[in-house]
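# Understanding the architecture of this molecule
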Amino acid sequence: MISVNEARKILAENLTRGGSVEIQVSEAAGYVVYRDIVSPADVPAFDNSAMDGYALAWGKNRESWTVVVEIPAGSAKNFRLSEGEAARIFTGSPMPEGADTVIPQEQIERTGNIIQYTLPGFGTGANVRYKGTQIRTGELMMQRGTLLSAGGVGLLASVGFATVEVFAPPVLSVIVTGSELRTPGEPLTHGAIFDSNSPMLKAALNRLGVRKIYTSRVADNEPELRKNIEKELNKSDVVIISGGISVGDYDFVKTSLAGLGVKELFYKVKQRPGKPIFAGKLENKWVFALPGNPASVLSCFSHYVKPCIRYFMGHNNVWNPDITLPLAEDSIKKKGLTFFMKAYTENGKVHLAEGQQSFNLIAFSKADCFAELPEDVDFVEAGTSVNIYFL
Ligand SMILES: Nc1nc2c(c(=O)[nH]1)N[C@H]1C(S)=C(S)[C@@H](COP(=O)(O)OP(=O)(O)OC[C@H]3O[C@@H](n4cnc5c(N)ncnc54)[C@H](O)[C@@H]3O)O[C@H]1N2
Ligand code: MOO
């Protein structure tokens, strides 16, 4: 059996990037920019006012001006001021020609059309946002590989982009196996349980930006299972199977995958939960068979499947923990296995949640992360820094 870090290394050697897709900028937060982006426009596109006030030509020896025009934001007209003239202007309104400065209205006294400046020490150019000071046409504004935030989306829209080319998410199949499974909403007879793994995996995949997800449910029947896996492999870049990967008489996933020619990268990892995990490839396609216990599914997804999908979608440093935090309480564990504990962060420390068994999802009512306790110890003292992976 291999350790968690060996499993990560094997996957890291087999990572592949996906292609690209053009999407609406408003949908693009969380995606990674596929090509360098050059600005198609000057921003601001025209000199404009940063304040509600008066635009004028600042002169050392002048303290009053005559207001000759009002320029609302969005005004398409060009105005020209002569010596001693001012324009009533608003934040974002285009500057009139002949003006170089905006004085905020709070610093002006107005009588009829005459304005007077009340405070000393103003500078030419104050409160004007000049054309192209944010970015100029043809300037590189975002590099390939940039992770788009909501702010990045705003920046793209500010230069006029309606769509953006990002790394495409993989097409994905989730197959849940087990004759005992029922879909929530169906009646539950004795011995049956609700399928919680496929909604959970779909939710986790949605958060990564994966949109095209085929879901299927298969009974513990080898020919049926093999046929289903083959069908899903034909249409998807990544196939995730839950259940049927252990050693029971009805665990047919491993033999089915071997029969379909899927190359095994590893099977079984020294970890809890999720020891009987399988990772493989069929050409460029990923196949992950996760142990059916629900907490094992999410743990294995987070630590192995998610990094491979994120790399596919253009992310880097996909194996790094999100942060490290000191453990709030001592923890006893079994030596020889890495423990991925459901945990919650509070006041800069991480607390292990109640209910760590792999069938038990109750810990997720409180947990916001997994805390990684290392393989080679049987005790982790409070205060020890541990790796944290947010859910
Ligand atoms: N003799 C041994 N038995 C088991 C071993 C072992 O080493 N020797 N390993 C145990 C461990 S650890 C795990 S984890 C499980 C993994 O088993 P499978 O991957 O074969 O999963 P199943 O048996 O199909 O299911 C396990 C468990 O999870 C429930 N389940 C399955 N699918 C779903 C779903 N979609 N939604 C909710 N719950 C699901 C299923 O009913 C079982 O209770 O094997 C141990 N056994
Ligand atoms: O390896 Mo299992 O997920 O602990 O029950």
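Each value, and the rule that gives it
Residues numbered from 1 in each chain as written. Chains lettered and ligands numbered in written order. Predicted model: local features only at pLDDT ≥ 70, side-chain atom pairs only at ≥ 80, totals over all residues. Heavy atoms only, no water. Domains from an automatic or database assignment. Near = heavy atom within 4 Å. Polar contact = N/O pair within 3.5 Å; in protein donor to acceptor, adjacent residues only side chain to side chain. Nonpolar A, V, L, I, M, F, W, Y, C, P; charged D, E, K, R; others polar. Phe/Tyr/Trp six-rings, centres within 6.5 Å; stacked < 30°, edge-to-face > 60°. Helix = DSSP H or I, 4+ residues; strand = E, 2+ residues; numbered from the N terminus. Buried < 20%, exposed > 50% of the residue type's maximum accessible area, 1.4 Å probe, protein only. Pairing = 2+ DSSP bridges. pLDDT = per-residue confidence, 0-100. Axes fitted to C-alpha atoms, helices over the stretch in contact; angles between N-to-C directions. Contact = heavy atoms within 4.5 Å. UniProt positions renumbered as here; feature names shortened; annotations may be inferred.

### Quick word on the domain arrangement of the protein chain
Under the domain assignment used here, the protein chain contains domain 1 (4–18 + 169–312), domain 2 (23–42 + 136–167), domain 3 (48–129) and domain 4 (323–390). On a C-alpha basis, the centroid separation for the pair domain 3 and domain 4 is 62 Å.

### Things to note about the site of ligand 2
The local shell around ligand 2 consists of Pro273, Gly274, Lys275, Pro276, Asn293, Ser296 and Ser358. Between Lys275 and ligand 2, the recorded distance is 2.6 Å, taken from a backbone N or O atom to an oxygen atom. Contact between ligand 2 and Asn293: an oxygen atom at 3.1 Å from a side-chain N or O atom of the residue. Its residues placed into classes, the shell around ligand 2 shows 2 nonpolar, 4 polar and 1 charged.

### A few points about the packing of aromatic side chains
Any aromatic ring pair is given by two values, namely how distant the centres are and how the planes are angled relative to each other. What the rule picks out here adds up to 7 aromatic pairs. Between Trp58 and Tyr117 the ring centres are 5.3 Å apart and the planes differ by 90 degrees, which places this aromatic pair in the edge-to-face class. Of this pair, Trp58 sits in the loop between β4 (53–56) and β5 (64–71) while Tyr117 sits in strand β9 (residues 114–117), placing them 59 residues apart in sequence. There is no split in this pair, since Trp58 and Tyr117 are both buried. Residues Trp286 and Phe288 carry aromatic rings whose centres are separated by 5.3 Å and whose planes lie at 20 degrees to one another, so their mutual orientation is stacked.

### A few points about the pairing of strand β24 (residues 338–346)
For β24, a buried count of 7 out of 9 residues is recorded, marking the element as mostly surrounded by other parts of the structure. Two strands pair when backbone bridges link them, and strand β19 (residues 271–272) and β24 are joined in this way by 2 bridges, in the parallel orientation. Bridge pairing links Arg272 to Phe339 in β24. Bridging between β24 and strand β25 (residues 349–352) involves 4 bridges; their strand directions are antiparallel. Across the sheet, Ala343 pairs through a bridge with Leu352, a residue of β25. Taking the residues that link successive antiparallel strands as the turn, the β24-β25 hairpin has 2 residues, and the phi of Asn347 there is positive, at about 50 degrees.

### Points about the confidence of the model for the protein chain
Per-residue pLDDT for the protein chain averages 96, and the proportion of residues at 70 or more is 99%. This complex was scored by the predictor with a pTM of 0.93 and an ipTM of 0.96.

### Let's talk about the sheet that holds strand β13 (residues 172–177)
Judged by pairing direction, the sheet is mixed, and its 6 strands sit side by side in the order β16-β13-β17-β21-β20-β18 without closing on themselves. With partners counted over all chains shown, the strands left at the sheet margins are β16 (213–218) and β18 (263–267), one partner each. Sheet twist, expressed as the average angle between the axes of neighbouring strands with direction ignored, equals 15 degrees. By the bridge criterion, 5 bridges tie β13 to strand β17 (residues 238–242) in an arrangement that is parallel. Bridge assignment links Val174 to a residue of β17, and that residue is Ile240. Running over the sheet, helix α1 (residues 4–12) touches β18, β20 (278–282) and β21 (285–290) and is turned about 160 degrees from β18. Packing against the sheet, helix α3 (residues 197–208) makes contact with β13, β16 and β17, and its axis sits at approximately 160 degrees to β13.

### A word on the sheet that holds strand β8 (residues 108–111)
Read from one edge to the other, the open sheet built from 6 strands follows the order β7-β4-β6-β5-β9-β8, with strand pairing classed as mixed. If you trace the sheet from one side to the other, it starts and ends with β7 (101–104) and β8, each paired once. Sheet twist, expressed as the average angle between the axes of neighbouring strands with direction ignored, equals 35 degrees. Judged from the 4 bridges that link them, β4 and strand β6 (residues 85–89) form a sheet pairing that is antiparallel. Paired with Tyr54 across the bridge in β6 is Arg88.

### Describing the UniProt feature "domain: MoaB/Mog" (unreviewed entry) in the protein chain
Following the UniProt record, one finds the feature "domain: MoaB/Mog" (unreviewed entry) at residues 173–311. Secondary structure within residues 173–311 divides into 37% helix and 27% strand; the distance between the first and last C-alpha atoms comes to 18 Å.

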